[in-house]
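# Summary of the model geometry
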Amino acid sequence: MASFTTPGLTADSAATVVATLQERLSALNDLHLTLKHVHWNVVGTNFIGVHEMIDPQVDLVRGYADTLAERIATLGESPKGTAKAIEDSRSWDDYSLGRDTVQAHLGALDLVYVGFITSHRDAIETTGKLDPVTEDILIGQTAELEKFHWFVRAHLESYTGELATAGATSEKAAADQAR
């Protein structure tokens, strides 16, 4: 940790917040790459609608990564935005689909968003008691990510409210169910 942090935070609290933010920064960088991968590899019915739906998500997620990196710097530490940092922070599997149908990718993305949003909510819990400013940043990001998740799920939902991916525990299973 640097020899300074934001006024009002102890060095120990700042170190916990920075570690949490670094993991989330790596997750956002990975999500950005995953979304762009989907954008490039989605095919089939409704291709253009989903292809174009993904780009604003990519842009927003990249902006979120920048916000967290700048927060880490504000707290006195150096943000790590390299591929190695993503690998070192990774507690999730790499995205598993290549060229595939719109429905398959949306099914897999459903699970990606479930995992990502759950982890962001965990980060909110961790930072809330230590740094309400960081907590507020993560809450705002989570709200928008939940909205994007809704966009994905709208393609997977039946008129009765059932998800095509219900019960799936892997991206491959979710993709298979959604096809």
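One numbering rule holds for all chains: residues counted from 1, following each sequence as written. Owing to the predicted nature of the model, reporting of local features is limited to residues with pLDDT of at least 70; listing and counting of side-chain atom pairs is limited to 80 or more, with chain, interface and lining totals taken over all residues. To get the side-chain values, all heavy atoms of the structure are used, and hydrogens and water are removed first.

### Overview of the overall build of the protein
Put simply, DSSP marks the helices as runs of H or I at least four residues long and the strands as runs of E at least two long, and each gets a number from the N terminus on. When helices and strands are tallied, the protein shows 6 helices and 2 strands. Its helices and strands in sequence order give the protein the pattern α-β-α-α-β-α-α-α, from N to C terminus. Expected size for 179 residues packed as a compact globule is a radius of gyration near 16 Å; at 17 Å, the protein falls within 12% of this value. Across its three principal directions, the C-alpha atoms of the protein cover 55 × 30 × 25 Å. Exposure categories follow from relative accessible area, calculated using a 1.4 Å probe and restricted to protein chains: below 20% of the type maximum is buried, above 50% is exposed, and the middle band is partly exposed. By residue count, 45% of the 179 residues in the protein fall in the buried class. Contacts between residues were defined by any pair of non-hydrogen atoms, one from each residue, lying within 4.5 Å. Restricting to contacts in the protein with at least 6 residues of sequence separation, those with at least 24 account for 77%. Computed by Shrake-Rupley with a 1.4 Å probe, the accessible areas treat only the displayed protein chains as cover when residues are assessed. Of the accessible surface of the protein, which amounts to about 9,000 Å², a share of 54% is contributed by carbon and sulfur atoms. Here the protein carries 14 positive and 26 negative side-chain charges, and the mean point of each set is 3 Å from the other. In this treatment the radius of gyration is a C-alpha quantity, and the globule benchmark scales as 2.2 Å times the residue count to the 0.38 power. Neither His nor the chain ends contribute to the count of charged residues, in which Lys and Arg are positive and Asp and Glu negative. Working definition for charges: the position is that of NZ of Lys, CZ of Arg, CG of Asp or CD of Glu.

### Some words on unusual backbone geometry
Although it is not a glycine, Asn46 adopts a positive phi angle of roughly 70 degrees. Its location among the elements puts Asn46 in the loop between strand S1 (42-43) and helix H2 (47-74).

### A few points about the packing of helix H1 (residues 11-41) against H2
Here, axes are lines fitted to C-alpha atoms. For helices the fit covers the stretch in contact, and angles between N-to-C directions go from 0 to 180 degrees. Contact pair H1 / H2: the axes reach a minimum separation of 9 Å and the direction vectors enclose 160 degrees. Overall, the two elements H1 and H2 adopt an arrangement that is roughly antiparallel. In the crossing of H1 with H2, the sense of the turn from one axis to the other is left-handed. When its residues are assigned to classes, the contact of H1 with H2 shows 15 nonpolar, 6 polar and 5 charged. Orientation labels follow simple angle bins: below 35 degrees gives roughly parallel, above 145 gives roughly antiparallel, 65 to 115 gives roughly perpendicular, and whatever is left gives oblique. What makes a crossing left-handed is the near helix being turned counterclockwise from the far one by less than a right angle; a clockwise turn instead makes it right-handed. In this count, Pro and Cys sit with the nonpolar residues alongside Ala, Val, Leu, Ile, Met, Phe, Trp and Tyr, while Asp, Glu, Lys and Arg are called charged and the others, Gly among them, polar.

### Side note on helix H5 (residues 132-154)
Look at H5: 33 Å from first C-alpha to last across 23 residues, which is about the 33 Å you get at 1.5 Å a residue. For H5, the complete set of buried residues consists of Thr134, Leu138, Gln141, Thr142, Leu145, Phe148, His149 and Val152. Looking at the buried residues of H5, the elements they touch are H1, H2 and helix H4 (102-128). Any helix carries an expected span of 1.5 Å times its number of residues minus one.

### Observations concerning the environment of Pro7
Assignment of secondary structure puts Pro7 in the segment before H1. Of the residues examined, Pro7 reaches a relative accessible area of 77% and is grouped as exposed. Expressed as a C-alpha distance, the spacing of Pro7 and Leu75, which sit 68 residues apart in the sequence, is 9.1 Å.

### Some details on the layout of surface pockets
Of the volumes computed, that of the largest pocket is approximately 430 Å³. Cavities and pockets are found on a 1 Å grid laid over the protein atoms alone: a cavity is a set of points where a 1.4 Å probe fits but cannot escape, a pocket is an open set with protein on both sides within 12 Å along at least five of seven lines, and a lining residue has an atom within 4 Å of such a point. Along the wall of the largest pocket there are 21 residues; nearest its centre are Trp92, Asp93, Leu111, Val112 and Glu171. Every element with two or more residues in the lining of the largest pocket is listed here: H1 and H4. When the residues that make up the lining of the largest pocket are grouped by side-chain class, the tally is 8 nonpolar, 7 polar and 6 charged. Grid points are joined across faces, edges and corners, and a volume is the space filled by probe spheres set on the points.

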